[in-house]
Amino acid sequence: MTESYQDFIEKLFIKYAKVNTRSDEKSQAIPTTPGQVELAKIVFQDLKKLGVKDVVYDPQDGYVVASLPANISTATVPIGFIAHLDTADFPAANVQPQVHENYDGQDVVLNKSPEIVLRVSEFPNLKNYRGQRLITSDGTTLLGVDDKAGIASILTAIKYLLEHPAIKHGPVSFAFGPDEEIGRGAKLFDVSKFKVKFAYTLDNGLPGQLEDETFNAAQAKIKIHGTSVHPGNAFGLMVNAVTLANQIVSALPAAEVPEKSRARQGFFLVTEFKATIAQADLNIIIRDFDHQKFIAKKNLLQQLVADLNQQFDRPRIELELKDQYFNIGDVIHQHPYITDLVLAVYQKLGLNIQVHPFRGGTDGNFLTAKGIPTPNLFNGGENFHGPYEFVTTEAMLITSKTVVEIIKEHLQHHLK
């Protein structure tokens, strides 16, 4: 892609980054924050300006969906690409993107007062971007690379395809949705308007990465009812909810926690612990790639609660256990073409191919469950969800070029 596309993608990303789209788990609105509606409408208008005729914004689910019809008569399976509008739970108001031209590979002072420095000693990957156009925040907010780099990359790919009609392709759709960071947006997505057989999210990751697996995920909410009496008269009467909560946490496998697990290892994570003698509340998330191990983890917690309740004349512990999402690999591995297509393009582009499981969840979990197998590619950024987020203009262009090449390669497969 030429210099004009470099300028386009950089300006587009900066414009999007300045919109506060932090999602809010406590909100019941759709989307959960007004900034996401604002950005959705901006993206809608930008797509129209590019010349996309089939573009819709649906306030019912907060999604913008755009489609390019096939410009060749050969029948091809329609594919899609997805990026999300919201940013993570970190300050996102008044984002001030900074472009460091011809980055020298050294520490970057994001903000002189207070002194906030992006240090190579902490983030050694910075050295990989010497000579590129490094984009950061001013250190007081996140930047929004996750996932505005994905949005900007998709629109740049669309611009390229529209300006190069000689590039033949089948039907392609693009979706931009809210509230990915809180695992809510894609649950509500009306996929009837996203007419594809498979898709790719352009979320976190470096060029050449492919994430074809995610965790199986569940959340446990535990409420413990104690009996509070004066400690001087407590014998045989007091039931200390704090003690019971500690027993539950202590009984969980000590090695199966995030700080001691990696690769395909699962874990329990206590995300909230509020306790008095009279009542305690625990939130615990359960994660595992292996479905049988995932079931075993849930069974362990259920049995632990049941055993503790046996000590009392009535149940003192309530457990609410809900599945959140399931490993996309269980479906995607049944359709190897979806990943083979990507790997062929990565090889063609000379990217450093890295296929690995994603230790989290994406919109792809919910789309896969709705019948659209959706692995994750990359958006080119690093250090997501905090003040040290960064991306380079060049990395976003690689993301955009990858989208174009996947579309082209997909057609070539059908022409063979």
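The structure this text deals with has already been given above.
What counts and what doesn't
- Residues numbered from 1 in each chain as written.
- Predicted model: local features only at pLDDT ≥ 70, side-chain atom pairs only at ≥ 80, totals over all residues.
- Heavy atoms only, no water.
- Helix = DSSP H or I, 4+ residues; strand = E, 2+ residues; numbered from the N terminus.
- Buried < 20%, exposed > 50% of the residue type's maximum accessible area, 1.4 Å probe, protein only.
- Areas by Shrake-Rupley, 256 points an atom, 1.4 Å probe, with all protein chains shown as cover.
- Lys, Arg positive; Asp, Glu negative; His and termini not counted.
- Charge placed at Lys NZ, Arg CZ, Asp CG, Glu CD.
- Pairing = 2+ DSSP bridges.
- Axes fitted to C-alpha atoms, helices over the stretch in contact; angles between N-to-C directions.
- Phe/Tyr/Trp six-rings, centres within 6.5 Å; stacked < 30°, edge-to-face > 60°.
- Salt bridge = Lys/Arg side-chain N within 4 Å of Asp/Glu carboxyl O.
- Contact = heavy atoms within 4.5 Å.

Q: Is there a simple way to think about the overall build of the protein in this case?
A: Counting its regular elements, the protein contains ten helices and 16 strands. Here the C-alpha coordinates of the protein stretch approximately 85 × 55 × 40 Å along the principal axes. Among the 416 residues that make up the protein, the fraction classed as buried is 53%. Split by element, the accessible area of the protein, about 18,500 Å² in all, is 51% carbon and sulfur. Averaging the coordinates of the 41 positive side-chain charges in the protein and doing the same for the 48 negative ones gives two points 2 Å apart.

Q: Which parts of the structure should I look at to understand the sheet that holds strand β16 (residues 390-392)?
A: Hydrogen bonds along the backbone pair up the strands of a sheet, which may run parallel or antiparallel. One open sheet accounts for three strands, arranged β4-β7-β16; its pairing is antiparallel. Looking along the sheet, the strands with just one partner apiece sit at the ends: β4 (98-100) and β16. Neighbour-to-neighbour, the strand axes of this sheet turn through a mean angle of 25 degrees, independent of strand direction. Pairing of strand β7 (residues 134-136) with β16 involves three bridges; the strand directions are antiparallel.

Q: Mind showing me how you'd approach the packing of aromatic side chains here?
A: For any two aromatic rings, the description comes down to two numbers: the centre-to-centre distance and the angle of the planes. According to the stated counting rule, one finds 14 aromatic pairs in the structure shown. Ring centres of Tyr63 and Phe189 lie 3.7 Å apart, and the angle between their planes is 10 degrees; this geometry places the pair in the stacked category. Of this pair, Tyr63 sits in strand β2 (residues 63-68) while Phe189 is found in the loop between α4 (185-188) and β9 (198-201), placing the two residues 126 residues apart along the sequence. Overall, Tyr63 belongs to the buried group, its relative accessible area being 0%.

Q: Mind showing me how you'd approach the side chain of Arg316 here?
A: Residue position: Arg316 is located in the loop between α6 (291-309) and β14 (317-325). As a buried residue without a salt bridge, Arg316 has its nearest oppositely charged side chain in Asp313, at a separation of 4.9 Å. Sequence-distant contacts of Arg316, defined by excluding residues within four places in its chain, comprise Lys223, Ile224, His225, Gly226, Thr227, Val239 and Asn309.

Q: When you look at the sheet that holds β14 in this model, what are you seeing that I'm missing?
A: The strand order across the open sheet formed by four strands is β12-β13-β11-β14, and the pairing between neighbours is antiparallel. The sheet is open, and its two edges are formed by β12 (267-275) and β14, each paired on a single side. Sheet twist, expressed as the mean angle between neighbouring strand axes with direction ignored, is 15 degrees. Bridge count for strand β11 (residues 216-225) against β14 is eight bridges, and the pairing is antiparallel. Within β14, the residue paired with Ala218 across the bridge is Asp323. With respect to the sheet, helix α5 (residues 241-251) is in contact with β11, β12, β13 (279-288) and β14, its orientation differing from that of β13 by roughly 10 degrees. Against the sheet, α6 engages β11, β12, β13 and β14, with an angle of about 170 degrees to β14.

Q: Just checking my understanding: could you explain the pairing of β9 for this structure?
A: On a regular strand, each side chain points to the face opposite its neighbour's, so the side chains alternate between the two faces of the sheet. Here β9 shows no split at all, with Phe198 and Tyr200 on one side and Ala199 and Thr201 on the other all buried. The pairing of strand β3 (residues 79-84) with β9 spans four bridges and is parallel. Bridge pairing in β9 places Phe81 opposite Tyr200.

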